[in-house]
Amino acid sequence: QAQLVESGGGLVQSGGSLRLSCAVSGSIFKINAMGWYRQAPGKQRELVARLVTGDSSDYVDSMNMKDRFTISRDNAKSAVYLQADNLKPEDTAVYYCNIVAIAGSGVINLWGQGIQVTVSS
């Protein structure tokens with residue numbers, strides 16, 4: 001059964017940078033979309049950035065954070081990364097990796113366990 005393995009995150013000062021990583025373990029046939037969401041205390045989970053697999057290139061779907069958050073993927077490793085720069089205290093949240101893929105059982109929607117990102121002022 002496919003699972004997501006997340007790494008990165010931690011405590012960083014305002015203006016600092018972090019890189020989150022997420023890789024798929026297990027057997028999948030095709031990744032349809034892969035991305036990052038976050039949930040701050042008392043708030044709903046929100047999209048940070050997502051890559052949707054297209055015929056010739058990926059479509060990037062994100063909130064208005066493109067100037068500070070960059071999403072990328074490594075197809076060979078079935079991995080997705082989130083580079084977060086110029087972090088602000090309001091970016092403090094648990095960040096979740098999400099992958100929609102086709103596996104032996106059909107379409108699967110996987111979530112990582114979540115990574116805490118804390119930005120101090």
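Here's a quick rundown of the structure. On a predicted model such as this, the values are computed, not experimentally measured, just so you know.

## A look at the nonpolar core
The biggest cluster of nonpolar side chains holds 33 residues, and the ones touching the most others in it are Ile-28, Trp-36, Phe-69, Leu-82, Tyr-95 and Ile-99. Counting residues per element, the ones that place at least two in this core are strand 3 (18-25), strand 4 (30-39), strand 5 (46-52), strand 7 (69-74), strand 8 (79-84), strand 9 (93-103), strand 10 (106-111) and strand 11 (115-120). Among the elements that make up this core, the one with the highest residue count is strand 9 (6 residues). Beyond its immediate sequence surroundings of up to four residues, Tyr-95 is in contact with Glu-6, Leu-20, Trp-36, Tyr-37, Arg-38, Val-48, Phe-69, Leu-82, Gly-114, Ile-115 and Val-117.

## Comments concerning the state of the cysteines
Enumeration over the complete set of coordinates arrives at 1 disulfide. The disulfide bridge from Cys-22 ends at Cys-97, spanning 2.1 Å between sulfur atoms. Residues Cys-22 and Cys-97 are joined through a disulfide that is left-handed, its torsion about the S-S bond being -80 degrees. Of the two residues, Cys-22 is situated in strand 3 and Cys-97 in strand 9; the sequence distance between them amounts to 75 residues. Note on Cys-22: relative accessible area 2%, which makes it buried.

## Here's the deal with the side chain of Asp-91
Checked against the element boundaries, Asp-91 lands in the loop between strand 8 and strand 9. Take Asp-91: its relative accessible area is 1%, and that puts it in the buried class. When neighbours within four sequence positions are excluded, Asp-91 is seen to be in contact with Arg-38, Arg-68, Phe-69, Asn-86, Val-117 and Val-119.

## A short note on the pairing of strand 1 (residues 3-7)
Because side chains alternate across strand 1, one face comprises the buried residues Leu-4 and Glu-6, and the other comprises Gln-3, Val-5 and Ser-7, none of which is buried. Where strand 1 lies against strand 3, 5 bridges are found, and the strand directions are antiparallel. Looking at strand 3, one finds that Leu-4 is bridged to Val-24.

## Structural notes on the sheet that holds strand 8
In space, the 4 strands of this open sheet follow the order 1-3-8-7, with antiparallel pairing throughout. The open sheet has two edge strands, strand 1 and strand 7, and neither has a second partner. Neighbour-to-neighbour, the strand axes of this sheet turn through a mean angle of 15 degrees, independent of strand direction. Strand direction decides the pairing type here: strand 7 and strand 8, joined by 6 bridges, are antiparallel. When the sheet's bridge partners are listed, Asp-74 is paired in strand 8 with Ala-79.

## Concerning the packing of aromatic side chains
Here the distance between the centres and the angle between the planes together describe a pair of aromatic rings. With the rule as written, the count across this model stands at 1 aromatic pair. Taking NZ or CZ as reference, Arg-19 lies 4.2 Å from the ring centre of Tyr-81, over its face. For Arg-45, the ring lying beneath its charged end belongs to Tyr-96, and the centroid distance is 3.8 Å.

Rules used in this analysis
- Residues numbered from 1 in each chain as written.
- Predicted model: local features only at pLDDT ≥ 70, side-chain atom pairs only at ≥ 80, totals over all residues.
- Heavy atoms only, no water.
- Core = buried A, V, L, I, M, F, W, Y, C linked by side-chain atoms within 4.5 Å.
- Buried < 20%, exposed > 50% of the residue type's maximum accessible area, 1.4 Å probe, protein only.
- Helix = DSSP H or I, 4+ residues; strand = E, 2+ residues; numbered from the N terminus.
- Contact = heavy atoms within 4.5 Å.
- Disulfide = S-S within 2.5 Å.
- Pairing = 2+ DSSP bridges.
- Axes fitted to C-alpha atoms, helices over the stretch in contact; angles between N-to-C directions.
- Phe/Tyr/Trp six-rings, centres within 6.5 Å; stacked < 30°, edge-to-face > 60°.
- Lys NZ or Arg CZ within 6 Å of the ring centre and 35° of its normal.

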